[in-house]
Structure formats: C-alpha cells, structure tokens
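What follows is each chain in one-letter form.
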Amino acid sequence: MAYKLSFALLAGSAWARDFPNCQSGPLASNQVCNATLDPWSRAAALVAAFTTSEKISNSQDNSPGVSRIGLPSYEWWNEALHGVANSRGVQFARSGDFSYATSFPQPITMGAAFDMPLIASVSNVTSTEARAFSNAGRAGLNFWTPNINPFRDPRWGRGQEVPSEDAYHMSQYVMQLIPGLQGGLTADPYYKLAATCKHYAGYDMENWKGNLRYGFDAKISMQDLQDYYLQPFRACVRDANGQSIMCSYNAVNGVPTCADPWLLQSVLREHYGFGGDRWVTGDCGALNNVWNDHHYGSSAANAAATALNAGTDLDCGDFWPRNLQSAYNSRMINDTVLDRSLVRRYANMVRLGWFDAPAKQPYRQLAWADVAIPDAKALALRAAQEGLVLLKNEGAGKLPLANATVKRVAVVGPLATATTQLQGNYFGTAQSVSSVVNAFKVAGYEVTTTQGCGITGTSTSGFAAAVNMAKSADATIFVGGIDNSIESEGRDREQITWTGAQLSLIQQLATATGDKPFVVVQMGTMVDSSALVSEKNVNALLWAGYPGQDGGNAVVSVLTGATAPAGRLPVTQYPSDYVNQVPMTNMNLQSGSGNPGRTYKWYTKTPVFPYGHGLHYTTFNVSISPDLPATFATTDLVGSEDSEDGPLDLLPLTSVPVSVTNTGNVTSDYVVLGFLKGEYGPSPYLIKSLVAFTRLHGIKPGDTATGSLDIKLGSVARSDGDGALTLWPAKYKLVLDNDDRASWDFEIAGDAAVLDKLPPKK
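Residues numbered from 1 in each chain as written. Predicted model: local features only at pLDDT ≥ 70, side-chain atom pairs only at ≥ 80, totals over all residues. Heavy atoms only, no water.

### Points about the sheet that holds strand S5 (residues 142-143)
Where we set the bar: Strands are labelled as partners when DSSP assigns at least two bridges between them. Numbering goes from the N terminus for both helices and strands, where a helix is a DSSP run of H or I of at least four residues and a strand is a run of E of at least two.
Read across the sheet, four strands follow the order S5-S6-S10-S13 without closing on themselves; strand pairing throughout is parallel. Both edges of this open sheet fall to S5 and strand S13 (279-282), since each of them pairs with a single strand only. Pairing between S5 and strand S6 (residues 194-200): two bridges, direction parallel. The residue bridging asparagine 142 from the neighbouring strand is alanine 194, located in S6.

Below is the structure:
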C-alpha cells in the first residue's frame, strides 16, 4: 500500500497525491526500492513487473500506476512557467496553506531585464515552492517548463511565454533557468525537479488564418535550424542537462516532430547526448495529431507505433492507450521499445527521490513555510521592475513624475485596475496582485480612475469621463495594450496594432492634458506604437509586458522615480504593415522575396523600436578596454579536434572588459549589449548579432562600474547551408548597444573551423 500526504483544507475536503511506499507493502520487495542500485536498474526492475496491458495503460500523462504491486498513480502534467501554475497535476487549495504561490513576471518581461543571475534566483524560488507543493501531495516532480521557442513572429500568441526573439539570448536564459529548477547540473544525489524544454522544434504558430498548429508543416532550412530554432534546445539538453523534452504539434520538413527519428534520435539523443533516463513527452494531444491532423502513418496503430519507435516516451493524452495494444499485437512495436519508454521515465523519478524515504532527502523537507516568503515577494517585485522598458520620454511632462507638483493622478484605460491580466497565461494563484491604480493609492497619491474604453470594441461612451478626469488631474496615466483575450495559446494575431478604441482615447487624452504629464503604459507583448512616438503630448511610453503579481507596484515605482528604468526590449517592435509583408507560415529568417527579414538580425526596414531599445533617467558613458587583441588564429582558438575542453562552440574567444560611468544625477542599472557586425559566413550577411550582455547594478552618479562581456566561439560562428556551425576567417567589429557607442575591431585568420554540425538525415 502507498501512503498519502494529506491535510485538511480550510474550505473543506483534502486533495492529496500518493507516494510509493518502499518501506512496507508489495512494492517493498521490488528492486526499485533498492537504493544501492543505479536508477536504470531500479526502474527496469519495476517495469519488469508490469504486464503488457499495464505498460500500455501507463503510457499516458495520467498514469494509473499498478496497484497490485503497490505503484501509485502519477500525473506527469505539471506547469511552472513563471511560478507554480494551475495545471492538471498542480492543485491549489481554496484557502489557507497552499492556496497561493509566488507569481513572477512572464518570461517576456524577465527577458527584458537581461539579468541572468535574476533568472537563476527566480527559478530557484519556483523550484522550492514546487517541491513544497509536491511534498504536500499537491504537485508532481516533473514540470513542463520552460518554453524555449524563440519569438520569431510578433503575431505569435505565445510570445509572452518566452524571453526573447534572439536565440543566443534564449540560450543564456536556459543556462540559468534549468539548473535553478533542477537544483544544479547533476543530481546530487537527487534532482530538485525535472524540467521540460518545449516545444521541440520549429513551433511558433497557434492558429493563423486557419493554419492550425496541429497539422502545420514547418519548412525550415538546415542553416536556420542550427542557428536559430534548435540553438536553445542544444543549450537545454547538452549544456544545462535538461531532464526532459516536449516534442511539438507541428511537423518539420514533412515529418511530425513526435514521430521524427532524426530529431528525436539522431539530433537529440545521439548528437546532443540526451541519453540515459532522460525522456520525451508529446505535447498534449500531439500524438493524436500525428495521425488525425498530419495523416502520418498507415493507421492509428501505425502512427502510435511510429512515435514510440522514433523516441517519444509519453503521451499527454489517450492516443497511445487506445492504439498501442493493436500496434503490439501487430508487431509494430516490441517489449524492448515499450519498456524503454517506461524505464526512462521511472528511472528519472528515481533520480527525483520519488521512491526513497523522505527523511534522507533535503528537498522532501520543504513545506508551506517555504512558499511565498518575504524574499520571494521582493524578488517578484524586482523582476518586474528590472523588466520594465522606457521606450519614450520627452517634453516638460517627462518621467519621473515630479513629487512637488503631481499629487492627483488620473489612471485610465482598460487595464488600469487589471490584476490577473498582468500575470499572462500559465499562471498560478498569487497571494495578491497589485494593479496600477491600487499601487498609486498605496504610494500616497489621490487617484481617480475609469476604463474609458475596452481592449476591444469601438465604443466611445467612456471617453468623456476619462477626458474630464485627465483635465482635473495633475498627471494622467493610460494603462492599456493587449492581454490573453488578444494573444494566448491557440490564438495568434492578424494585426499588431493597438486594439479597439484605445488609440482614439489616447489622442483625446493627449489633447486634454496639454502641458501636464501624460504617460502611456503598455501591457502585453508587441504593438505598433508609432502613433504614440509622433504624438508630442504623449510624454512617455513604458512597456511592461506581463509583470506578474507586483506589476502595478513595479510600474508605479518607475513612474514616480523610486526605481530607475533600465530594461531593454527583448523583441523588435515592427510597424503594423509588417503583417502584410510576410505570412506567419514562412519560417525563413533571411530577407528575400515576400519577406522583409525576421528579428533584428535580418529585418531590413526601419522598426518602430529596435531590439535592445531602452531609455534611462540618467546618462552614461560606455567604453571598452583598449588592451584587446587585433587578430586571432582559428588554430589557436579551436585547437585540436580532439579537444577535451567540451563542445567547441563553448570555447572562449575572449573576455571584453567594459566600463560604464553614470554621467547624470540618478542612480541606475545599465544593460550592456554586445553586438557583432561583419561580412562573415555565407551571403547574405547578418545585420548584427548579439554575442554577449551583462547588467550592471546600482551605478551612482559619478561612479564607474565595470563588467565583462564573455564571448564564446559559438556566438561568433554562423552555419553554412548544411547546418555546419562554422568559425569563419573574416574581419569583425564588436559594438556596444544600438547606438554603437563603443567598438572593437578584430580579425579571425586561418581556415574556417567547423564547431558543430547537425547529423545528416538518413
């Protein structure tokens, strides 16, 4: 018999999850309980006790277990994108203990902070709280996070879930997030959680003009696969030791990803080293889509067998339980392959300590007292503050608001009083969520508020009230943008403009406010704000994305000057006509016929705001050390092909010392972005490419802060047409920030050196 960890809810009945009982009962005699054995041997002993029908019934996310041998049921679907999140496997209490958790900003907002130690701290708090939920029987041990598909197209409904449009930026995020979630790069002796990098691969479309993700075939070149779509997954699997992968709904070049042996075996397991007890789950319903949407295979049973044989290990759904028995009877699969999928997963559960006594496991001691502690709340606020981006700030009414003259504030707009909307999607219950209106009240301001208009719709009936409030206030703050009703999973956009009547109301407010401060705060991902840039009475534009539980407090702290803004846009803000220039279904990054180019690396026209844009309340002088080499030889950089220093693309080019002096009068952080320019690799050439960044904190007026940009060979390299990531001999220029305020010229000489090459398709 398995024992239960249970507790009474203040609201009524309890909910609890079973843990295996290796101390007594039928399971205790199975070698899975022998802690002296390795995880694979323990899991193999467990699976050997299953009948064929029991193996198949446990091929789904809601695994029933095997009661006759004492193996409890287990739900593999748990979410924690930006804090412990509501999902099938996570249960929040109605009140009292475990009724809330820390809700951090969405990754798109945290990505704007360009602060990797911050990401490590957030992921550590998230995993601590997730473990506490698990110990209380309210969550599992594996979590289907993070989403690491780069934000390729601004119309994508799930762009809020990822930190950037840039693959290098994404990879640095992954390298901090995964160890924080898992408790380190290795199990010592247990993992804290098992993270799942998703969605592998080429997934970044929901439902665009009837093109559904479930049956979409993404046509992607080997060059773009290597340089862009797969780069974050390489970092997750090879470098950060992510314990599981989720294959995606779509196909890549004609083969559904969950049934593709090239992606799952050749690339993932053989090339990236995704071996042992690491495992692959299909996205929820994706294995059903292999047959019903992609029409891949000769029958439902054949499609199920193809995915299992290709290397998928778990069905989030019931397609396998309904079809694998037929595939087994028809000898499309055998016990070796079926057992392998189960052993991988249960061996991973061994590494998580699921079968072992809790007394010897520090992670099993985490409890409700470790959830939403004061330090976690402070971190959520700091994460939101660091991710805010000041896009515009000019005129007599520019930010920060003057304390001496601004006492009464009109906060208007459809998101003025928003709370849960600031959390975005895949969120959990927060103890509280601050709105912008409430945050102004807490800060001591006299506040009037009205929506004025909705996020959608053409009604102007609320305009008059909003305008009258603006006329009588010392400053007006419009809080709007977009939310999950406009962009979310399953919902792409067709337009990237401000929705509804918001721009019309903003224009009327701009007229009404005159010389008084008028600030626009934009929530959501990316909208074309060119009309606000040109409107002189809009003094400031602040982008907030989805700032989480302390979103309102963070926004007000920046507007009032309690915190200085230093975030940078993690995406390109395109003009609205971009949607008419390239279809979402075009996966090519490079500009060409019917494609103006994607991301800042390839976009050949003028953006409204470029990737990396962000203003400050002070001024800075930025410089690069003059003592840097002018030439490198590929032979010196790469060394022998038998180098034991690890992957060649992780070898260093050099570390570039940078100095940042605050020449203004406000203490502020500063994000240093290092971009590489040059004509290297195959034509056409990149406009520029991010190769390193760092955030320097709390630079006081007159002080100089120093840091370093650590440049790896992989970030300098580009792939050829066959997906060979190559270090090219050429002349290069490193520039700092979008205005090229400091630069360093160098040359790489010698022969081209291949650092990494995707395996050929068989």
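### Considering the pairing of strand S16 (residues 446-450)
Applied cut-off: A right-handed crossover is one whose linking path, passing over the helix from the first strand to the second, runs clockwise when the strands point away from the viewer.
Note: strand S15 (residues 408-412) against S16, five bridges, orientation parallel. Residue pairing for S16: valine 411 is matched across the bridge by threonine 449. In this fold, the crossover linking S15 to S16 by way of helix H14 (residues 436-442) has right-handed handedness.

### Regarding the packing of helix H4 (residues 116-135) against helix H5 (residues 167-182)
The condition is simple: Here an angle of 0 to 180 degrees is reported between the N-to-C directions of two axes, which are lines fitted to C-alpha atoms, with helices fitted over the stretch in contact. The hand of a helix crossing depends on one turn: near helix anticlockwise from the far one by less than a right angle means left-handed, and clockwise means right-handed. A contact between two residues is defined here by any heavy atoms of the two lying within 4.5 Å. Residue polarity is assigned by list, with Asp, Glu, Lys and Arg as charged and Ala, Val, Leu, Ile, Met, Phe, Trp, Tyr, Cys and Pro as nonpolar; anything else, Gly included, falls into the polar class.
Two elements in contact, H4 and H5, have axes whose closest approach is 7 Å; the angle formed by their N-to-C orientations is 35 degrees. At the point where H4 passes H5, the crossing takes the right-handed sense. Counted together, Met116, Ile119, Ala120, Ser123, Asn124, Thr126 and Ser127 of H4 and His169, Gln172, Tyr173, Gln176, Leu177, Gly180 and Leu181 of H5 form the full contact between these two elements. The class makeup of the residues in the contact of H4 with H5 is six nonpolar, eight polar and no charged.

### Details of the pattern of salt bridges
As a reminder, the rule being used: Salt bridge, as used here, is a side-chain nitrogen of Lys or Arg placed within 4 Å of a carboxyl oxygen of Asp or Glu. Residue burial is assigned from relative accessible area. The probe radius is 1.4 Å, only protein chains are included, and a residue is buried under 20% of its type maximum, exposed over 50%, and partly exposed in between.
For the coordinates displayed, the defined rule picks out 31 salt bridges. Between lysine 198 and glutamate 79 there is a salt bridge; the shortest N-O distance is 3.3 Å. Taken as a pair, lysine 198 in strand S6 and glutamate 79 in the loop between strand S4 (74-75) and helix H3 (107-111) lie far apart in primary sequence, 119 residues in all. An identical accessibility class is assigned to lysine 198 and glutamate 79; each is buried. If you follow the salt bridges from partner to partner, you end up with Asp115, Arg382, Glu386, Asp669 and Arg695 in one network.

### Things to note about helix H13 (residues 374-387)
Each α-helix winds once per 3.6 residues, and so residues spaced three or four apart point in a common direction. Counted only if it meets this: A helix is expected to span 1.5 Å for every residue after the first.
With 14 residues, H13 extends 20 Å between its outermost C-alpha atoms, agreeing within 8% with the 20 Å of an ideal straight helix rising 1.5 Å per residue. If you check which residues of H13 are buried, you get Ala376, Leu379, Ala380, Ala383, Ala384, Gln385, Glu386 and Gly387.

### Some details on the environment of leucine 193
Examined against the element boundaries, leucine 193 turns out to sit in the loop between H5 and S6. Taking the relative accessible area as the measure of exposure, leucine 193 reaches 1% and is therefore buried. Linking leucine 193 and alanine 554, residues 361 residues apart in sequence, is a C-alpha distance of 30 Å. With residues near it in sequence (within four places) discarded, leucine 193 still touches Ser127, Ala130, Arg131, Leu141, Phe143, Leu181, Gln182 and Leu352.

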